[in-house]
Every structure is written in C-alpha cells, then in structure tokens.
Amino acid sequence: MRITRYAAALAAAGVVLAGCSSEAGDQAEDAAGNTVDVQEDVEFEAGTTMAELAEAGTITVGTKFDQPGFGLVGPDGEPEGFDVEMAKIVAAELGIAPEDIEWVETVSANREPFLQNGQVDMVVATYTINDARKEIIDFAGPYYEAGQDIMVAAGNPLGVTGPESFPDIRTCSVNGSTPAQYVQTNYPDAQLTLFGEYSQCAEALRNGQVDAVTTDNVILTGLVAQSDGDFELVGNAFTEEPYGIGIPKGDDEFRAFINDTLEEAYESGTWADAWDATAGAITDTEAPEPPAVDRY
Ligand code: GLU
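Remember, it's a predicted structure, so these values are computed and weren't measured experimentally.

Focus: the site of the ligand
Next up, step 1: Taken together, 17 residues lie around the ligand, and Lys64, Ser108, Thr128, Tyr198 and Asp216 are the ones closest in.
Next up, step 2: Within the backbone of Thr126, an N or O atom sits 2.8 Å from a nitrogen atom of the ligand.
Next up, step 3: Interatomic distance of 2.7 Å between a side-chain N/O atom of Tyr198 and an oxygen atom of the ligand.
Next up, step 4: Burial of the ligand by the protein amounts to 100% of the accessible area it has alone, namely 280 Å².
Next up, step 5: Among the secondary structure elements, those contributing two or more residues to the shell around the ligand are α6 (178–186), β14 (212–216) and β16 (241–248).
Next up, step 6: Classifying every residue of the shell around the ligand by side-chain character gives 6 nonpolar, 6 polar and 5 charged.

Topic: the sheet that holds strand β5 (residues 66–67)
Next up, step 1: Taken together, the 3 strands give an open sheet; going across it, the order is β5-β6-β7, and neighbouring strands pair in antiparallel fashion. Looking along the sheet, the strands with just one partner apiece sit at the ends: β5 and β7 (79–80).

Structural notes on the environment of Trp271
Next up, step 1: Locating Trp271 in the fold gives a position in helix α10 (residues 270–277).
Next up, step 2: Taking C-alpha positions, Trp271 is 7.6 Å from Met86, a pair spaced 185 residues apart along the chain.
Next up, step 3: With residues up to four places along the chain from it excluded, the contact list for Trp271 reads Phe82, Met86, Tyr143, Ala265, Tyr266, Ala287, Pro288, Glu289, Pro290 and Pro291.
Next up, step 4: Within the local environment of Trp271, its side chain forms a polar contact with the backbone oxygen of Tyr143, the two atoms lying 3.0 Å apart.

Digging into the side chain of Thr49
Next up, step 1: Structurally, Thr49 is set in helix α2 (residues 49–56).
Next up, step 2: Here the side chain of Thr49 touches Asp251 through a polar contact of 2.4 Å, side chain to side chain.
Next up, step 3: Excluding residues that lie within four positions of it along the chain, Thr49 makes contacts with Asp251 and Phe254.

Focus: the pattern of salt bridges
Next up, step 1: Using the criterion set out here, one finds 9 salt bridges in the structure.
Next up, step 2: Note that Lys88 and Glu85 form a salt bridge whose closest N and O atoms lie 3.1 Å from each other. Taken as a pair, Lys88 and Glu85 lie in helix α3 (residues 82–93) at a separation of 3 residues, close to a single helical turn.
Next up, step 3: Taking the relative accessible area as the measure of exposure, Glu85 reaches 1% and is therefore buried.
Next up, step 4: For Asp252, the salt bridge is made with Arg255, and the minimal N-O distance between the two is 3.4 Å. Of this pair, Asp252 and Arg255 both sit in helix α9 (residues 252–268), 3 residues apart, which is roughly one turn of the helix.
Next up, step 5: Exposure remark for Asp252: the relative accessible area of 46% places this residue in the partly exposed category.
Next up, step 6: Its relative accessible area of 9% is what places Arg255 among the buried residues.
Next up, step 7: Connected through shared salt-bridge partners, Asp260, Glu263 and Arg295 make up one network.

Cut-off values and rules
- Residues numbered from 1 in each chain as written.
- Predicted model: local features only at pLDDT ≥ 70, side-chain atom pairs only at ≥ 80, totals over all residues.
- Heavy atoms only, no water.
- Near = heavy atom within 4 Å.
- Polar contact = N/O pair within 3.5 Å; in protein donor to acceptor, adjacent residues only side chain to side chain.
- Areas by Shrake-Rupley, 256 points an atom, 1.4 Å probe, with all protein chains shown as cover.
- Helix = DSSP H or I, 4+ residues; strand = E, 2+ residues; numbered from the N terminus.
- Nonpolar A, V, L, I, M, F, W, Y, C, P; charged D, E, K, R; others polar.
- Pairing = 2+ DSSP bridges.
- Contact = heavy atoms within 4.5 Å.
- Salt bridge = Lys/Arg side-chain N within 4 Å of Asp/Glu carboxyl O.
- Buried < 20%, exposed > 50% of the residue type's maximum accessible area, 1.4 Å probe, protein only.

The structure is reproduced here in structure tokens:
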C-alpha cells in the first residue's frame with residue numbers, strides 16, 4: 001500500500017522513478033536531482049521513537065526557510081538544501097518518503113523550545129552542537145563543520161578583516177545564534193543589531209542600515225550567491241561550528257539511530273551527493289570530508 005501511494009505521489013509530482021532495488025526499496029530522484037532510498041518494511045523495537053515515527057508514516061522536521069544552500073523554501077513552497085537532504089535521508093531510513101515529511105520553519109532562537117515542547121521531532125537547521133544546548137536537548141552528528149565569518153558589501157569599502165573589526169563597524173546577526181553570542185561575549189562594545197532571521201540581516205546590509213553580517217561561512221556564502229554581486233565574504237573563519245541534528249533530550253536510541261544513518265550516508269556517498277546537489281552547486285565547491293560523528 002505504501003509503494004502504491006508513494007508511486008502515485010511521485011507520478012503526481014512529475015518525479016522520475018530512477019529505478020528500484022530489492023534491498024533499499026524505491027529509489028527516486030527528487031526535484032533537486034538528488035536520490036534518497038526509502039526503506040520498506042522497516043521494523044523497530046516497540047516503544048522507540050523510530051517505531052512511533054515509522055508507524056505514523058510521517059515526521060515533523062524543523063529547518064530554516066531563508067538560507068540558500070541549506071534550507072530555503074522555493075517557489076513550490078517546499079524547502080531545499082543540504083539540511084533538508086539530511087532530514088530526507090533520516091526519514092527514508094524510517095520508511096518515510098520525502099513528501100510525507102512535515103516541514104516547520106525554525107529560526108535560530110526557537111529551535112530548543114520547539115524540541116522541548118514537541119512541536120518538531122527533530123531540527124536540522126545549521127544547528128551548532130555545544131554544551132549549553134546539550135543541557136536541554138541532544139544532538140546527533142556532526143554532519144558538517146562550518147565556521148563563523150563576516151559578509152560585507154562588494155569591494156569591502158570599510159576594509160573589514162575579521163573579528164578585530166567588530167568594534168569599528170555596525171554588525172547584524174540573529175537572536176539565539178552562536179555568532180551573535182560570540183560578538184556579545186568577545187566584543188561587548190560592538191554595535192550589534194539582532195534580527196530573527198539572516199535574510200533580514202542581508203536586507204539591512206543592502207539598505208545600508210549595517211556594514212556587515214556575521215554568522216557561519218556557509219550561510220553567508222549562500223547569501224552572497226543570491227546577492228547578484230552586491231555582497232562578498234571576508235573569508236577568514238574564526239570559530240568552529242559543528243552542525244548537529246537536534247532531538248529531544250534523553251532519546252539515546254533515536255540519537256544512535258540517526259548517527260548510524262549519517263555514517264551509512266557517508267559510506268554510500270549519499271551525503272556527498274546531497275552536498276553536490278545543494279550547497280555545493282550554489283558555491284561551486286566539492287563535498288568536504290564528512291566529520292566523524294560524536295557518540296557522546
Ligand atoms: N550555527 C549557528 C547556530 O547554531 C549559527 C547559524 C544559525 O543561527 O542557524 O547558532
């Protein structure tokens with residue numbers, strides 16, 4: 001029944017069936033040209049989150065909606081990007097097809113609360129693993145290593161070189177993010193404007209309200225690519241931002257399952273394919289070596 005429904009949904013969406021393999025179930029190419037193998041006849045121990053989600057046939061995922069390359073809602077209303085592909089890979093391993101994922105927009109500041117109050121089953125949203133966050137939620141991964149950088153107007157008119165420039169410029173970042181916290185902690189006198197989402201910071205840079213936007217290099221690279229040559233990256237990353245998949249605290253079985261799934265995706269090349277189809281395509285970069293997952 002699942003196969004029929006899946007095939008019908010694919011046909012309705014105009015998606016090409018790339019082939020079938022008896023082990024991995026339906027293999028389909030999605031709109032981004034990416035391939036996910038949706039498992040059939042999955043079995044999980046009763047009472048686990050995996051069993052509950054597989055039984056429900058759906059999963060609710062928090063991701064960004066305004067970050068090109070990682071999570072950006074396109075004209076069809078569906079999010080696209082590397083984070084979105086990571087979520088599809090995990091869902092597929094639960095027997096859940098991409099079109100059965102329920103996407104919820106999470107911004108930087110609401111990710112922990114959304115996990116804590118059960119509004120989402122997991123968060124894949126350029127989400128840095130750190131100890132403060134690990135006190136209230138848990139992380140699988142990391143599945144990518146970013147670093148904080150700075151984006152300025154093309155030509156870098158103020159000659160911004162790195163974090164040492166923060167005291168002299170007007171900078172924008174986002175509430176509840178590690179880059180905002182970095183500036184507040186290390187440059188308490190910096191002129192920092194905080195918005196809810198990075199697209200608002202890009203707008204503020206465009207209209208001259210700020211001189212710079214600071215967050216992870218990969219987020220900024222996506223915004224530069226979208227800027228028609230108006231913005232550029234300083235290109236001097238100064239922090240480590242390992243991206244994890246956020247889940248409710250204490251669900252060790254679900255965390256181990258996602259970690260296993262990530263390692264399989266590293267091994268099979270699905271992870272690298274996801275990079276090539278999303279962030280890699282936007283920034284014209286090869287997939288890096290995937291980071292080792294941290295089974296803390
Ligand atoms: N990775 C950083 C964080 O988790 C910045 C990106 C973001 O705000 O999503 O806070």
